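Below are the chains, spelled out letter by letter.
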Amino acid sequence: MTHKTKDFTGSWIYIVPTIGLILTDAVKNEITINRVTFISVEKLPRVLKRFGIQKRMSELKSTPEYKSFFSELEVTVALVRFSGKQSEVTTKALRLIVEELEILSVSQLGYSRRRFNSYPSIYISSTTSISYLCLNLENDLFELSYQRIGKIGDLRLDEHWMKWQNDIFFTKLIKIFKNEIVVNSSWRGDLYRASRLIGQSITTNNLAQAFLANMIAIELLLTRQGDKYTEILPKRIEAFIGWIGYWEVDNYKEKIKGAYKKRSQYVHDGDESNILIQDLLLTDEILLNIMVNLVSHHEIFKSKDNVIDFTNKVAAEHVLGIIGNKSKIRPKTLSFLSVSYTKDDFKKI
């Protein structure tokens, strides 16, 4: 890049290679989250004009400066337009692509188990290798291991993925971000920020960080500044999933209080020793069901005020002895989803 290019003000199209993401015919080999469009490399030559690029791919590849870039593209690229001084908008463009990959990663919530989650990224590699030799000091037993760690698989947007997203919540969520489904603008922003946090949680291998991101997302969706979280969170979560038969049996209320206590220990004391995989999976389950019900009932929950009013009305019903499926406030179309985990899953999360 020349100094002149950095200082030039104009309209720019960024084409950024993306790893960990495979697009298929099911999504017409492209998907736009909000401002960023992800396109298969195979389709890229056919859409250049749509993005304002007048040269053909053959012309671009014949230009020495571009040849190696386009020749080495693998599977998927991200495209986004920005206007301004090139040196000032590049960081914004790359950050936006990362943000929208985080949003796309939300589609894995409930769709796949944590050990199988993918990490779509613009970075060269989301995995690393580790090897070790373990020797028994009393006999000849040993273990020699070579492993790849990190999010190894690709997020594949195929027919199965598409059907799940249409049936559950992600397709509607993207429509909210694009303003194709209209909600309060502040609430749209809350949903966007919460989705980024969920995406960050899904794609990290750090247990404590994943748990914390989930907890912040729950708080963002269900609370307001000044709320006493240990008291309020169980009540507001209960409004959405307390109707299930095992809310009381599985002691969800105390589990949620315990999760918030662990969150506070981590945030205020740096103590992550009590955070367990079970805590992370609990927050996954809560977020899955909150997102499903908030987004699927977008005509009811158009703002955070709507959400909090709803939870207050359900709490008022409890005072009158109206609980569970007897509620007149809860829509009969509320749903509950749960992901089953095996002992092997726990070892590899």
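As the structure is a computational prediction, the values presented were derived from the model and not from experiment. (Residues numbered from 1 in each chain as written. Predicted model: local features only at pLDDT ≥ 70, side-chain atom pairs only at ≥ 80, totals over all residues. Heavy atoms only, no water.)

Caption draft 1: Highlighting the environment of Thr18. Of note, Thr18 is situated in strand 1 (residues 9–18). A relative accessible area of 5% means that Thr18 is categorised as buried. Considering only alpha carbons, one finds Thr18 and Val75, 57 residues apart in sequence, at a separation of 7.7 Å. If sequence neighbours within four positions are ignored, Thr18 has contacts with Phe38, Thr76, Val77, Ala78, Leu101, Ser121 and Ile122. (Helix = DSSP H or I, 4+ residues; strand = E, 2+ residues; numbered from the N terminus. Buried < 20%, exposed > 50% of the residue type's maximum accessible area, 1.4 Å probe, protein only. Contact = heavy atoms within 4.5 Å.)

Caption draft 2: Summary view of the sheet that holds strand 4 (residues 37–40). Judged by pairing direction, the sheet is antiparallel, and its four strands sit side by side in the order 1-5-4-3 without closing on themselves. Since the sheet does not close on itself, it has two edges, and those belong to strand 1 and strand 3 (30–32), each with one partner. Within the sheet, the average angular offset between the axes of one strand and its neighbour, ignoring direction, is 20°. Helix 5 (residues 86–105) rests against strand 1, strand 3, strand 4 and strand 5 (76–85) of the sheet, and its axis sits at about 140° to strand 5. (Pairing = 2+ DSSP bridges. Axes fitted to C-alpha atoms, helices over the stretch in contact; angles between N-to-C directions.)

Caption draft 3: Fine view of the packing of helix 10 (residues 229–241) against helix 11 (residues 252–269). Contact geometry of helix 10 with helix 11 gives a least axis separation of 9 Å together with a crossing angle of 135°. With respect to helix 11, the axis of helix 10 lies oblique. The two elements helix 10 and helix 11 cross, and the hand of that crossing is right-handed. Residues Tyr229, Thr230, Leu233, Pro234, Ile237 and Ile241 of helix 10 lie in contact with helix 11, whose contacting residues are Tyr252, Lys253, Ile256, Lys257 and Tyr260. Looking at the contact of helix 10 with helix 11 residue by residue, the class counts come to eight nonpolar, one polar and two charged. (Parallel < 35°, antiparallel > 145°, perpendicular 65-115°, else oblique. Left-handed = near helix turned anticlockwise from the far one by under 90°. Nonpolar A, V, L, I, M, F, W, Y, C, P; charged D, E, K, R; others polar.)

Caption draft 4: Main features of the pattern of salt bridges. Under the definition given, this model contains 15 salt bridges. We note a salt bridge from Arg224 to Asp305, for which the minimum N-O separation is 2.7 Å. Linking Arg224 in the loop between helix 9 (207–222) and helix 10 with Asp305 in helix 13 (residues 304–319), this pair joins segments that are 81 residues apart in sequence. Here the salt bridges do not stand alone but share partners, grouping Glu30, Lys43 and Arg50 into one network. (Salt bridge = Lys/Arg side-chain N within 4 Å of Asp/Glu carboxyl O.)

Caption draft 5: How the structure looks around helix 10. With 13 residues, helix 10 should reach 18 Å at 1.5 Å per residue; the first-to-last C-alpha distance of 18 Å fits that figure. Here helix 10 lies mainly inside the structure; 10 of its 13 residues are buried. Turning to helix 10, its buried residues number three or more, namely Tyr229, Ile232, Leu233, Pro234, Arg236, Ile237, Glu238, Ala239, Phe240 and Ile241. Here the buried face of helix 10 lies against helix 9, helix 11, helix 12 (277–296) and helix 13. (Expected span 1.5 Å × (residues − 1).)

Caption draft 6: Highlighting the nonpolar core. Counting residues in each nonpolar core, the largest one holds 83 residues, and the members touching the most others are Phe38, Phe169 and Leu221. It is helix 9 that provides the largest number of residues to this core, a total of 11 residues. Non-local contacts of Phe169, meaning those with residues more than four positions away in its chain, are made with Val106, Leu109, Leu288, Met291, Val292 and Val295. Val47, Leu73, Val77 and Leu79 belong to the second-largest nonpolar core, a separate cluster that totals 14 residues. (Core = buried A, V, L, I, M, F, W, Y, C linked by side-chain atoms within 4.5 Å.)

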